Number of protein chains: 2
Amino acid sequence: MTHDTPRPRRARKLPTTEELRIWRDFIETSEGLRSQLTARLQSESSLSSGDYAVLLALSEAEGHRMRSSDLAAHIDWERSRLSHHLGRMERRDLIRREECAADSRGADIVLTATGLQSFRQATVPHLSAVRELFVAALTPEQLTAAGDIAAALRAHLGSAGRQRGAGARAKGI
Amino acid sequence: MTHDTPRPRRARKLPTTEELRIWRDFIETSEGLRSQLTARLQSESSLSSGDYAVLLALSEAEGHRMRSSDLAAHIDWERSRLSHHLGRMERRDLIRREECAADSRGADIVLTATGLQSFRQATVPHLSAVRELFVAALTPEQLTAAGDIAAALRAHLGSAGRQRGAGARAKGI
DNA sequence: AGCTACTAATTGACATGTCAATCAGCCGCG
DNA sequence: CGCGGCTGATTGACATGTCAATTAGTAGCT
């Protein structure tokens, strides 16, 4: 008459077919959106969404310059990712690295004239693409709902997630 | 007192600040979700979401085998992407390539025993993660709304997008 | 000063994606 | 047949990401 763990009585509950369908629709659609936006940005301005995020942050920063760490925190990237990306952007003359006066370990990332110009040319087409592909596709109610859903998911991610490495990523698209 | 093109009256309409905020929330949150799911999958089964998509398709295929092209179409990947990925999966003994009897240009991709086992071990934890991070975060109304929003965006993408290369990508997460 | 611990940033190795080029085998048609 | 064009798949070059070192400089403590 033992009664220890007779049935698995699993803690894990699985989604229904319908829930799974919605999940797939949701995630695939947001992927599709992202890839469309990225492709347009690329073709209209030769910038990747990563480039855009970096340039946006720098263009808003005082003196068009920012410490590498601060930049990474601002756009929520890992530092090594940023470092690699800055290397590529520096080769294209979009940004420049300068020594940091305050802390000689640090690097100041500076927006170049070329970088600023590229960003300025990119921004209007990009924003209008956001409007066309996202905002215009939804009714006002749906748009509001999308905001609520994002907030709910994020709140949940913040509490339930976080256990495994990754947090919210990929700001600035 | 001239009145010629005093205002640009641009064809492009831009999103409002609020619309842009929702957009960013939406896209960043779905990125965060994706990265969480990917990280969990990785840590619980050493599979990437790409691996999972491929294994899922093969596990449902007749004879656990599929022509490379069909597989690519099924999961909506570019062929070269699939080819590279299959190379990596083959090295890990998750799949095997065999000559295709019908068309000797073709390749049959076959699920190995190892691959099937990995997939089977991954599926319950993965689905329960979907439930935990997505389904459980939303009210039933929000879940429905999420489905509607995805459908609306997808329909719009299908008509307005498509002009530039990329379509809906990244199935099977 | 000297030691230790912490922080900033980069680097290297490798996984993953895209695009263009290539290579081989199929097929229709003179 | 045989040739020109299409299709299936792979490849190479390179962009992008992640993770684990590594390098260099700062700071606190004795």
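The structure we're discussing is the one just above.
All of the points below concern the structure found in this document. (Residues numbered from 1 in each chain as written. Chains lettered and ligands numbered in written order. Predicted model: local features only at pLDDT ≥ 70, side-chain atom pairs only at ≥ 80, totals over all residues. Heavy atoms only, no water.)

**A word on the protein's contact with DNA strand C**
Here is the rule we go by: By convention in this text, a residue qualifies as near a molecule or strand provided that one of its non-hydrogen atoms is within 4 Å of it. Think of a polar contact as two N or O atoms within 3.5 Å of one another; within protein, one of them needs to be a possible hydrogen donor and the other a possible acceptor, and neighboring residues in sequence only count if both atoms come from side chains. For the purposes of this entry, the term helix denotes a DSSP run of H or I that reaches at least four residues, the term strand denotes a run of E that reaches at least two, and both are numbered from the N terminus.
DNA strand C sits among 22 residues. The nearest are A:Ser69, A:His84, A:Arg97, A:Arg105 and B:Ser80. The share of sugar and phosphate among atoms of DNA strand C within 4 Å of the protein is 63%. A distance of 2.7 Å separates a base oxygen of DNA strand C from a polar atom in the side chain of A:His84. Among the elements of the structure, helix 3 (68-75) and helix 4 (79-91) of chain A together with helix 4 (79-91) of chain B are those that each provide at least two residues to the surface near DNA strand C. Take the surface near DNA strand C: its biggest share by element is five residues, from helix 4 of chain B.

**Some details on the sheet that holds strand 2 (residues 95-99) of chain B**
Residues and elements named next belong to chain B. The following threshold applies: Each pair of strands is called paired provided DSSP finds at least two bridges between the two strands. Between N-to-C directions, angles cover 0 to 180 degrees, with each direction set by a line fitted to C-alpha atoms, over the stretch in contact for helices. Note on definitions: a residue-residue contact is assigned when non-hydrogen atoms from the two residues lie within 4.5 Å.
With antiparallel pairing, three strands are arranged side by side in an open sheet as 1-3-2. Among the strands making up the open sheet, the edge pair consists of strand 1 (65-67) and strand 2. When strand polarity is set aside, the average angle formed by the axes of neighbouring strands in this sheet is 30°. Pairing of strand 1 with strand 3 (residues 107-111), which is carried by three bridges, proceeds in the antiparallel orientation. Following the sheet pairing, Met66 is matched in strand 3 by Ile109. Docked against the sheet, helix 3 (residues 68-75) engages strand 1 and strand 3, running at close to 95° with respect to strand 1. The strands touched by helix 4 within the sheet are strand 2 and strand 3, with strand 2 carrying the most contacts at an inclination of about 115°.

**A short note on the packing of helix 2 (residues 49-60) of chain A against helix 5 (residues 113-133) of chain A**
All names here are of chain A. The condition is simple: Orientation labels follow simple angle bins: below 35 degrees gives roughly parallel, above 145 gives roughly antiparallel, 65 to 115 gives roughly perpendicular, and whatever is left gives oblique. Whether a crossing is left-handed or right-handed is set by the direction in which the near helix is turned from the far one by less than a right angle, anticlockwise for left-handed and clockwise for right-handed.
Where helix 2 meets helix 5, the axes come as close as 10 Å, and the angle between the chain directions of the two elements is 110°. The pairing of helix 2 with helix 5 is recorded here as roughly perpendicular in orientation. As for how helix 2 packs across helix 5, the hand of that crossing is left-handed. Residues Tyr52, Leu55, Leu56 and Ser59 of helix 2 touch helix 5, and the partners they reach there are Gly115, Leu116, Phe119, Ala122, Thr123, His126 and Leu127.

**A look at the sheet that holds strand 3 (residues 107-111) of chain A**
Residue and element names in this part refer to chain A. Here we have three strands laid out as an open sheet, ordered 1-3-2, and antiparallel in their pairing. With partners counted over all chains shown, the strands left at the sheet margins are strand 1 (65-67) and strand 2 (95-99), one partner each. Averaged over all adjacent pairs, the angle separating strand axes in this sheet is 30°, with direction ignored. Relative to strand 3, strand 2 is paired through five bridges, and the arrangement is antiparallel. What sits directly across from Glu98, in strand 3, is Asp108. Sheet strands in contact with helix 2 are strand 1, strand 2 and strand 3, and its direction is about 95° off that of strand 3. Helix-sheet contacts for helix 4 involve strand 2 and strand 3, and the interaxial angle to strand 2 is about 115°.

**With respect to the environment of B:Ala152**
Within the secondary structure, B:Ala152 sits in helix 6 (residues 140-160). For B:Ala152, the residues in contact, after removing those within four places along its chain, are A:Ala137, A:Leu138 and A:Gln142.

**Structural notes on the nonpolar core**
Grouped burial of nonpolar side chains is what soluble globular proteins tend to show. Spelled out, the test is: Side-chain atoms within 4.5 Å are what join buried Ala, Val, Leu, Ile, Met, Phe, Trp, Tyr and Cys residues into a set we call a nonpolar core. Exposure classes here rest on a 1.4 Å probe applied to the protein chains alone. A residue is buried below 20% of its type maximum, exposed above 50%, and partly exposed in between.
The biggest cluster of nonpolar side chains holds 91 residues, and the ones touching the most others in it are A:Val54, A:Leu71, A:Phe134, B:Val54, B:Leu71 and B:Phe134. Not counting the four nearest positions on each side in its chain, B:Leu71 is found in contact with B:Val54, B:Ala57, B:Leu58, B:Met66, B:Leu82 and B:Ile109.

**So, helix 1 (residues 17-45) of chain B**
Note the following rule: Helix span is expected to be 1.5 Å times the residue number reduced by one.
In this model, helix 1 of chain B (29 residues) spans 42 Å end to end at C-alpha, consistent with the 42 Å of a helix rising 1.5 Å per residue. Once helix 1 of chain B finishes, B:Ser46 follows within two positions and takes phi at roughly 55°, a positive value.

**Description of unusual backbone geometry**
One non-glycine residue, A:Ser46, lies in positive phi territory at about 55°. Note that A:Ser46 resides in the loop between helix 1 (17-45) and helix 2.

**Thoughts on the protein's contact with DNA strand D**
What counts here: Side-chain classes are defined by residue name, with Ala, Val, Leu, Ile, Met, Phe, Trp, Tyr, Cys and Pro counting as nonpolar, Asp, Glu, Lys and Arg as charged, and the others, Gly among them, as polar.
Taken together, 22 residues lie around DNA strand D, and A:Arg105, B:Ser69, B:His84, B:Arg97 and B:Arg105 are the ones closest in. Close to the protein, within 4 Å, the atoms of DNA strand D belong to sugar or phosphate groups at a rate of 59%. Here a phosphate oxygen of DNA strand D and a side-chain polar atom of A:Arg88 are 3.0 Å apart. B:Ala107 is positioned such that a nitrogen or oxygen atom in its backbone is 2.8 Å from a phosphate oxygen of DNA strand D. For the surface near DNA strand D, the secondary structure elements donating two or more residues are helix 4 of chain A together with helix 3 and helix 4 of chain B. When residues of the surface near DNA strand D are assigned to their parent elements, the largest contribution, five residues, is made by helix 4 of chain A. Here the residues of the surface near DNA strand D sort into one nonpolar, 11 polar and 10 charged.

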